Amino acid sequence: MSVGLDIGSKSIKVVELEKKQNKWYLRGSGVVGYSGIVIENVKEEKELVPLADIIKKLFNEAKISSREVIISLPERFAFVKLVTFPLLSDQEIDAALKWEADQYVPIPLEEAVMQYQIVLRDEKSNPPRVKVLLVAARRSLVEKYVLLSQLAGLNVIAVENELLSLARSLASQTELSVIVNLGAASSDIGVTKMGDLWFSRSIPIGGDALNRAIVQELRIDATQAEQYKKAYGFSPTLLEGKVRHAMEPVMRSLLDEIKKAIQYFISENSTEEKPKQIIISGGLAGLPDLMPYFTKELDLEVLVGNPFLRVEVPGDLQKSVIDYMHLYGVSIGLALRGGK
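Keep in mind the model is a prediction, meaning the values are calculated, not measured.

Some details on the overall build of the chain
Point 1. Helices and strands together make up the secondary structure of the chain, namely 10 helices and 14 strands.
Point 2. For the chain, whose C-alpha radius of gyration is 20 Å, the value lies close to the compact-globule estimate of 20 Å for 340 residues.
Point 3. By its C-alpha atoms, the chain is 60 × 45 × 45 Å across when sized along the principal axes.
Point 4. Counting over 340 residues, the chain shows a buried share of 51%.
Point 5. Look at the contacts in the chain between residues 6 or more apart in sequence, and 65% of them connect residues 24 or more apart.
Point 6. Element-wise, carbon and sulfur atoms account for 48% of the exposed surface of the chain, whose accessible area totals about 16500 Å².
Point 7. When the 41 basic and 44 acidic side-chain charges of the chain are each reduced to a single mean position, those positions are 2 Å apart.

Quick look at the pairing of strand 2 (residues 11–20)
Point 1. In terms of burial, strand 2 is a largely internal element, 8 of the 10 residues being buried.
Point 2. Examined bridge by bridge, strand 1 (residues 2–7) and strand 2 share 6 bridges and lie antiparallel to one another. Within strand 2, the position partnered with Leu5 by the bridge is Val14.
Point 3. Between the end of strand 1 and the start of strand 2, which pair antiparallel, lie 3 residues.
Point 4. The sheet contact formed by strand 2 and strand 3 (residues 23–33) spans 10 bridges and is antiparallel.

Observations concerning the pattern of salt bridges
Point 1. Tallied over the full model, the rule gives 19 salt bridges.
Point 2. The network of salt bridges with shared partners includes Glu160, Arg168 and Arg337.

Here's the deal with the sheet that holds strand 13 (residues 301–304)
Point 1. Spatial strand order, 11-10-9-12-13: 5 strands in an open sheet with mixed pairing. In this open sheet, the two strands that pair with only one neighbour each are strand 11 (196–203) and strand 13. Adjacent strand axes in the sheet meet at a mean angle of 20° when their direction is disregarded.
Point 2. Note that strand 12 (residues 277–281) and strand 13 share 4 bridges and pair parallel. What sits directly across from Ile280, in strand 13, is Val304.
Point 3. Contacts between helix 7 (residues 242–268) and the sheet are confined to strand 9 (177–182), strand 10 (187–193), strand 11 and strand 12, with strand 11 contributing the most and set at about 145° to the helix.
Point 4. Sheet strands touched by helix 8 (residues 290–298): strand 9, strand 12 and strand 13. Its angle to strand 13, the strand with the most contacts, is close to 155°.

Observations concerning the sheet that holds strand 5 (residues 78–86)
Point 1. Pairing in this open sheet of 3 strands is antiparallel, and the strands run 5-7-6 from one edge to the other. Of all strands in the sheet, those with a lone pairing partner are strand 5 and strand 6 (112–122), marking the two edges. Between one strand axis and the next, the sheet turns through 20° on average, direction left out of account.
Point 2. Relative to strand 7 (residues 129–138), strand 5 runs antiparallel, the two sharing 9 bridges. Residue pairing across strands places Val80 opposite Val135, the latter belonging to strand 7.
Point 3. Strands in contact with helix 2 (residues 90–100) are strand 5, strand 6 and strand 7; relative to strand 6, the strand with the most contacts, it is inclined by about 135°.

A word on the nonpolar core
Within soluble globular proteins, side chains that are nonpolar generally end up buried alongside one another.
Point 1. Leu182, Met251, Ile258, Ile278, Ile280, Leu290 and Phe294 are the most contacted members of the largest nonpolar core, which totals 59 residues.
Point 2. The element that contributes the greatest number of residues to this core is helix 7, accounting for 12 residues.
Point 3. Residues in contact with Ile278, not counting those within four places in the same chain, are Val178, Val180, Ile258, Ile262, Leu298, Leu300, Glu301, Val302 and Leu303.
Point 4. Within the second largest apolar cluster, 30 residues are counted, among which are Ile55, Val69, Phe77 and Ala152.

Criteria and cut-off values
Residues numbered from 1 in each chain as written. Predicted model: local features only at pLDDT ≥ 70, side-chain atom pairs only at ≥ 80, totals over all residues. Heavy atoms only, no water. Helix = DSSP H or I, 4+ residues; strand = E, 2+ residues; numbered from the N terminus. Rg over C-alpha atoms; globule rule 2.2 N^0.38 Å. Buried < 20%, exposed > 50% of the residue type's maximum accessible area, 1.4 Å probe, protein only. Contact = heavy atoms within 4.5 Å. Areas by Shrake-Rupley, 256 points an atom, 1.4 Å probe, with all protein chains shown as cover. Lys, Arg positive; Asp, Glu negative; His and termini not counted. Charge placed at Lys NZ, Arg CZ, Asp CG, Glu CD. Pairing = 2+ DSSP bridges. Salt bridge = Lys/Arg side-chain N within 4 Å of Asp/Glu carboxyl O. Axes fitted to C-alpha atoms, helices over the stretch in contact; angles between N-to-C directions. Core = buried A, V, L, I, M, F, W, Y, C linked by side-chain atoms within 4.5 Å.

Structure below.
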C-alpha cells in the first residue's frame, strides 16, 4: 500500500493506492476541511493536536489501512531551481550541489532540507549538459509537518513539494505541460517536460483573495462570500454576473502571472516549443464556468486534470471521488511516488 497525504491550508486530502502487476488500484480516499490553524505559525506542539485529531478521524472514516505516508509541503514554502551542469556523473552532480547549493538556495544551508532530481541528460548538445531540478525548504517548517503527521499516529517516509506530485499525477509524458494548482492561500504554476517538473512559481493569489474581493464588492460576510463563490463562480449570468465581476480583477492578476511564467520558461530554455494546454487542479478548479473563462483569457485549451487516469477506481468508490477529482492531484501524485 502507498498513502499520499496532502495537507493544504484549508483542507486535507488522503488516498491509499495498491499496486498489483504494474497497475494501481484505489483502496481508500477522503477529504476534510478545517480552519483556524496556520501550521507555519505554530509555536508549540499542543497547537497541532486538534489538527492531528482531524487527520486521525479522516484516516478512520476513509478506511486507510497503512500508517506509512508520503506528505506534501505547500509550494509557497519551497525553493525550486533548475540548474545546468556539464555532463557530470550522478556522483559528481551530488558533490557539485553540496559545494554550490548556496548559490541557488536563498536560506542558510544548515537550515535547509534539500533534494534534487535529474530531468535531462543531453550528450548531443554543444557542450553536453545535464539539467537538475533542485528543491529546498526550511528544515523547521518541514519538521512541523512531520510532527503533525506523527501526532496523528503516522510514519512519514518522504516529503515533497506539491508541484512535483502534480507533475507525477497530471502532466503529459510526451508534451510540454502547464499545471496550475488553485489553492486557498496561493496558486502554483508548474511547467513540465516529458512528465518532469522544470519550472515552479507560487503566487499569493487563491480562494481567500477571491473571497475578500467578493466581500468588498457585494458587502456580504466571509461565509456568504465563500458560498457565492462556489455557487456562482465565473458565470456571466448567475446573480447577474456580480460574483464574476467581483472576482475578475484578482483572477486577471493570476492569469497575467501564468502568461509571464510560460514566457519566462520559453526564453530561459531557448525553446520554440509552446504548451498546447493548461491543466488545472485544486479547490478552485471546481468553480462554475472557470474553464471557459480561462480558455478565453489564455487562448489555450484548459482542462481540469484527472489524477485517476493511471489509477483503477473500484465501482463502490467511484461515487465518492467523481465530484472531488480536482482535489486529489497532489495526494495521488504522492502515493504514486511510493511505487518507484
